[in-house]
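Letter by letter, the chains look like this.
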Amino acid sequence: MKLSTVVGVDTDLLGRLMRDVEAHADAYVRRVLTASAEYGTFGLPLLEKLHGELPKTVCDNCGACCNAVSIFSLEYHRIVRDLLTRFPPARVRELIVSALRIDQRLAELENGEKRLRCSFRDDAARVCVVHPVRSFACRLFGMRHDDGHRDCERVRELDGETCPSDATVESMMARIHNVSETHEVRPGEPPVAFFPFEFWLFRHALGPNKALEIYENILVPSSTPLTALWKPPARVI
């Protein structure tokens, strides 16, 4: 995997945004931390309970899957609040600024697919900084599905742990969706509750409209899976 200039990303917008982050990092961090500190607890006990019902797993820890994934707003707040409780202020600031610096994590796989690397993966130490509060997307990756297949064959459940059915997982996520913040991405389509961690950062630092602009013009084109998800439907002639 190599860092790259990803075709399709609005580089002018990215450049302006990163210069603003660099110039006003403390203001960004303050807004982000204040929003999560003042969020309260709505939905968080349910999220923690459902996360805890998923089986514990192990893997080879290669880090190949540690790319930015879409998460619920509740998961975003849980991660930020966890950082506030476990790390000193200087380290929290460092982690938030690193997450804001999208430009330093654009990557390209050997097969040409694009990804935004996760800012919480420490490749040198081979650890996930937020592993105790990682999202549904991270917890579910590699878990055995009803038909027996896995998204990653390196993942295994610990002895005694059993995988929930696909329907059970969908029900869990639906319950969190119902108590999570949503945004309209395309007019006339159902609002979306699943966005990358970086979207939620900018949503609380700059507001939802700017965050949606960043999502559409930077985050989506920097990720092959997100690009495929939002590809316009083919016209029927």
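Residues numbered from 1 in each chain as written. Predicted model: local features only at pLDDT ≥ 70, side-chain atom pairs only at ≥ 80, totals over all residues. Heavy atoms only, no water.

Right, let's talk about the overall build of the protein chain for a bit. A count of helices and strands for the protein chain gives 10 helices and nine strands. Computed over the C-alpha atoms, the radius of gyration of the protein chain is 18 Å, within 12% of the 18 Å expected from 2.2 N^0.38 for a compact globule of 237 residues. Each principal axis of the C-alpha atoms in the protein chain carries an extent, and together these give about 55 × 50 × 40 Å. Taken over 237 residues, the protein chain has a buried fraction of 44%. When contacts within the protein chain are restricted to residue pairs at least 6 apart in sequence, long-range pairs at least 24 apart make up 72% of them. Summing over all exposed atoms, the protein chain offers an accessible surface of approximately 12,700 Å²; the carbon and sulfur share of this is 53%. Charged side chains of the protein chain number 31 positive and 33 negative; the gap between the two group centres comes to 2 Å. (Helix = DSSP H or I, 4+ residues; strand = E, 2+ residues; numbered from the N terminus. Rg over C-alpha atoms; globule rule 2.2 N^0.38 Å. Buried < 20%, exposed > 50% of the residue type's maximum accessible area, 1.4 Å probe, protein only. Contact = heavy atoms within 4.5 Å. Areas by Shrake-Rupley, 256 points an atom, 1.4 Å probe, with all protein chains shown as cover. Lys, Arg positive; Asp, Glu negative; His and termini not counted. Charge placed at Lys NZ, Arg CZ, Asp CG, Glu CD.)

On the secondary structure map, glutamate 198 appears in helix H8 (residues 197-206). Note on glutamate 198: relative accessible area 3%, which makes it buried. Of note is the side chain of glutamate 198, whose polar atom sits 3.1 Å from the side chain of arginine 105. Ignoring any residue separated from it by four or fewer positions in sequence, one finds glutamate 198 in contact with Ala68, Ala99, Ile102, Arg105, Leu116 and Leu219. (Polar contact = N/O pair within 3.5 Å; in protein donor to acceptor, adjacent residues only side chain to side chain.)

Time to look at the state of the cysteines. Within this structure, the stated rule accounts for zero disulfides. With no disulfide of its own, cysteine 65 lies closest to cysteine 66 among cysteine sulfurs, the gap being 4.4 Å. (Disulfide = S-S within 2.5 Å.)

What follows covers the environment of arginine 31. Tracing the backbone shows arginine 31 in helix H2 (residues 25-37). As a C-alpha pair, arginine 31 and valine 133 span 102 residues in sequence and 21 Å in three-dimensional space. Arginine 31 has contacts with His204, Ala205 and Leu206, leaving out every residue within four places of it along the chain.

Okay, helix H1 (residues 11-23) next. With 13 residues, H1 ought to run about 18 Å at 1.5 Å a step, and its terminal C-alpha atoms sit 18 Å apart, in line with that. Turning to H1, its buried residues number three or more, namely Leu13, Leu14, Leu17, Met18 and Val21. Each buried residue of H1 sits inside an arc of 125° when the element is viewed along its axis, so together they form one side. Turned more than 90 degrees away from the buried face of H1, the exposed residues are Asp12, Arg19, Glu22 and Ala23. Its buried side turned inward, H1 meets H2, helix H5 (89-100), strand E4 (106-108), H8 and helix H9 (208-219). Its side-chain oxygen placed 3.2 Å from the backbone nitrogen of aspartate 12, aspartate 10 serves as the N-cap of H1. (Expected span 1.5 Å × (residues − 1). Arc of directions from axis to C-beta.)

So, on to the packing of aromatic side chains. Applying the stated criterion across every chain, the model contains 11 aromatic pairs. Between tyrosine 28 and phenylalanine 202, the aromatic rings sit 6.3 Å apart at their centres with planes inclined by 85°, giving edge-to-face as the arrangement. Separated by 174 residues along the polypeptide, tyrosine 28 in helix H2 and phenylalanine 202 in helix H8 bring together distant segments of the chain. The exposure classification of tyrosine 28 matches that of phenylalanine 202, with both residues buried. (Phe/Tyr/Trp six-rings, centres within 6.5 Å; stacked < 30°, edge-to-face > 60°.)

On to the packing of H5 against H8. For the pair H5 and H8, the least separation of the axes is 9 Å and the interaxial angle reads 105°. Considering the angle they form, H5 stands roughly perpendicular to H8. The segment H5 lies against H8, with Ile96, Ala99 and Leu100 engaging Phe197, Glu198, Leu201 and Phe202. (Axes fitted to C-alpha atoms, helices over the stretch in contact; angles between N-to-C directions. Parallel < 35°, antiparallel > 145°, perpendicular 65-115°, else oblique.)

Below, the discussion takes up the pattern of salt bridges. What the rule picks out here adds up to 14 salt bridges. Arginine 86 is the partner of aspartate 82 in a salt bridge, and the nearest nitrogen-oxygen pair spans 2.8 Å. Of this pair, aspartate 82 and arginine 86 both sit in helix H4 (residues 73-86), four residues apart, which is roughly one turn of that helix. Accessibility expressed as a relative area gives 11% for aspartate 82, which makes it buried. Among the salt bridges present, the one from arginine 150 reaches glutamate 157, with a minimum N-O distance of 2.9 Å. Neither residue differs from the other here; arginine 150 and glutamate 157 are each classed as buried. A single network of salt bridges, built from pairs that share partners, joins Arg117, Arg121 and Asp123. (Salt bridge = Lys/Arg side-chain N within 4 Å of Asp/Glu carboxyl O.)

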